[in-house]
Structures are given as structure tokens and as C-alpha cells.
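# Structural features, examined
Each chain, written out:
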Amino acid sequence: MCILNCVVNPMLNLLGGGGNSGNQLIQIGGVFNSSAAVACYILMGALIADASKAKIADATPALMIALAIFVIAFIVILFTKIEEPEQAPVRVDLIKGAMSHSHFALGALAIFLYMGIEVGVPNAVQQMLTSEPYSIPAATVGMIVAVYWAMMLVGRFVGASIGSKVSARAMITTVSIATLALVIFGMYAPADVLVDFPGVDWGKLELIWQPVPLGIFSFLLVGLCTSVMWGAIFNMAVEGLGKYTAIASGIFMTMVFGCAVMMGIQGYVADLTDYMTSFWVIVFCAAYLLFYALIGSRVTKRSE
């Protein structure tokens with residue numbers, strides 16, 4: 001799956017010819033990605049229902065579907081003719097060539113920090129709601145946090161619909177500012193003001209409503225912002241790389257380990273202070289994305 005993920009973004013960007021059209025195709029790919037993620041929640045919820053009583057055998061139908069998907073993907077790709085640009089042989093020494101493009105090097109760091117936002121926000125919210133003083137049952141919290149990922153689907157659908165008209169730079173600028181506003185507001189919102197937030201019981205396909213503090217509600221809305229970040233950052237980072245695109249895509253994909261590093265840092269800050277204070281890590285990540293959109297993503301040189 002990591003290999004497929006590594007090649008699908010440059011393939012979509014190539015088919016769109018880069019620029020806004022390339023960004024739009026990446027966002028459309030993200031819509032299918034999120035749709036599959038939501039479908040996975042529904043399918044696994046229907047198969048397993050009560051996770052405390054689940055057996056591996058319960059997931060067998062899902063595993064068979066996964067195998068079928070890989071077979072279908074293989075057949076489709078096998079018969080798809082794509083005129084690929086000339087690529088330099090993939091050698092480790094080409095890393096230096098790719099990293100010599102400042103907009104790509106800064107973009108690799110952007111995706112590293114972006115992962116801290118995408119995964120760090122729902123993880124911290126889940127830990128917070130299951131702890132005191134909230135102490136909401138873990139099963140209920142899981143249903144609430146799952147909506148965060150569903151909102152990413154909504155955001156990617158919107159991103160795909162406007163991708164040909166709105167540049168990746170404009171998208172990242174907008175969602176970075178929105179993320180900063182939502183997170184900072186959430187950190188300082190009054191804890192005694194409660195808002196009913198929707199959750200989904202995927203096993204029963206039922207909607208639930210759980211009162212949560214206004215700040216938590218604000219945090220969960222970040223899912224709408226993270227939805228377009230991945231594709232838009234990639235679109236800007238590989239612009240003008242030419243023969244270095246292949247090796248750059250590989251470097252780009254390795255940067256997803258940023259989720260582990262940034263979640264570790266956020267967890268460490270939470271241990272030293274509290275969960276709410278740890279969201280300054282998210283603020284830092286969002287501020288860097290804003291810098292990248294406005295300044296760091298400017299292409300200073302191009303390769304054939």
C-alpha cells in the first residue's frame with residue numbers, strides 16, 4: 001500500500017499536467033481515499049460490531065475484499081497507458097539533486113509536520129475525552145472521533161470540485177489560517193460551554209449525539225482543513241522537478257513518519273503540562289504550513 005501511495009500522487013499530477021488541474025486530480029483521488037476509509041468503518045463495524053468480542057475470523061470477508069481490490073487495481077494499471085516523462089535512474093545520489101530545490105526540501109518538511117496535525121488532533125481529542133474530567137466511554141469517543149475522518153471526506157470533495165479554479169497555494173493558505181484559528185480558539189474556549197457533536201455507530205449505522213466542550217468541537221472541525229493539505233502540498237513540492245520527480249516522490253512518502261515523531265512530541269508536552277497545552281505543537285505545525293504556502297513553496301529553479 002505504501003508503494004501504491006508513493007506512485008499514485010505523481011501519476012495523478014502527471015495526468016492533470018501539474019498546476020491546478022494536477023491538484024484537482026489529486027484531490028479527486030483523495031475523495032476516493034476518504035470514501036474508502038468511511039466505507040471501511042461501516043464494513044468493519046457491521047462485521048465486528050462489539051470490538052471486545054471480535055475474532056480474526058470476523059474480518060475474513062474484509063480481507064477477501066482487500067485482496068480483490070488489489071487484483072482489480074493491478075488489471076486496471078496494467079492496461080492503462082500513460083505517457084510518462086523521462087526520469088533519471090532512481091539512485092540514492094539523486095536525493096541531493098532533488099533536495100537542491102528549496103521548494104521541495106521545504107515541502108518535504110511541510111508534509112512531515114502536516115502528519116502531526118492530521119493524526120495528532122484526533123488522537124489528542126480521543127485521549128482527552130476518555131480522561132478526567134470528561135471520562136466519556138471509549139466506545140462513544142471512538143464514534144465521535146470517526147466523524148473527524150468523515151469530515152475529511154467532505155473537505156476533499158469540496159477541494160476536488162474547486163481544484164481546477166483554486167491553486168494549491170491558495171488552498172493551503174486558507175486551511176492553514178483556518179486551522180490556526182480553530183485550534184487557538186479551542187484551547188481558550190470556555191470548558192463549561194457544551195455543544196452536541198455527532199457520532200456514528202458504524203455497526204448499527206446509527207447517529208449519536210454527545211455533548212462535548214466547545215473547544216473540543218472546534219478541534220474536530222480541523223478535519224475539514226486537513227482534507228486538502230496532503231494533495232496540495234505534494235502538488236507544490238514537485239513543481240518543476242523534472243527528472244527528479246521519481247526520487248522526490250519517494251522522499252515525500254518517507255516523510256509520513258512525521259506523524260509518529262510529532263505525536264510523540266505532543267504526547268511529551270502533554271505529560272509535562274496537560275492535553276490542552278499540547279495543542280501548541282499543532283499550532284506550530286499549522287504556522288509552518290502557512291509559511292510554506294506563502295513563501296517556502298515559491299519555485300526558484302526548475303529541472304528538465
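Above this note sits the structure.
Described in the following lines is the structure provided in the data block. (Residues numbered from 1 in each chain as written. Predicted model: local features only at pLDDT ≥ 70, side-chain atom pairs only at ≥ 80, totals over all residues. Heavy atoms only, no water.)

### Let's talk about the overall build of the protein
Regarding its fold elements, the protein presents 14 helices and 2 strands. Compactness check: the protein gives a C-alpha radius of gyration of 20 Å against a globular reference of 19 Å for 304 residues, within 12% of the reference. For the protein, the spread of C-alpha atoms along the principal axes amounts to about 55 × 45 × 35 Å. When burial is assessed residue by residue, the protein has 43% of its 304 residues classed as buried. Pairs at least 24 apart in sequence give 79% of the contacts found in the protein among residues at least 6 apart. Carbon and sulfur atoms provide 70% of the accessible area of the protein, an area that totals close to 15,300 Å². (Helix = DSSP H or I, 4+ residues; strand = E, 2+ residues; numbered from the N terminus. Rg over C-alpha atoms; globule rule 2.2 N^0.38 Å. Buried < 20%, exposed > 50% of the residue type's maximum accessible area, 1.4 Å probe, protein only. Contact = heavy atoms within 4.5 Å. Areas by Shrake-Rupley, 256 points an atom, 1.4 Å probe, with all protein chains shown as cover.)

### With respect to the environment of aspartate 58
Considering the arrangement of structural elements, one finds aspartate 58 in the loop between helix H2 (19-48) and helix H3 (60-78). Distance from aspartate 58 to alanine 73, taken between C-alpha atoms, is 25 Å for residues 15 residues apart in sequence.

### Observations concerning a nonpolar patch on the surface
On the surface, Leu4, Val7, Phe70, Ile72, Val76 and Ile77 cluster together into a nonpolar patch covering about 530 Å² of accessible area. Contributions of two or more residues to the nonpolar patch are made by helix H1 (2-15) and H3. Looking at which element gives the most residues to the nonpolar patch, the answer is H3, with 4 residues. Take isoleucine 77: it is sitting in helix H3. (Patch = residues over 30% accessible without salt bridge, like charges linked within 9 Å, V, L, I, M, F, W, Y side chains within 5 Å. Salt bridge = Lys/Arg side-chain N within 4 Å of Asp/Glu carboxyl O.)

### A closer look at unusual backbone geometry
The omega torsion across glutamate 132 and proline 133 is 10°, close enough to zero to call that bond cis. Within the chain, serine 135 stands out as a residue other than glycine whose phi angle is a positive 50°. Here serine 135 shows up in the loop between helix H5 (102-130) and helix H6 (138-162).

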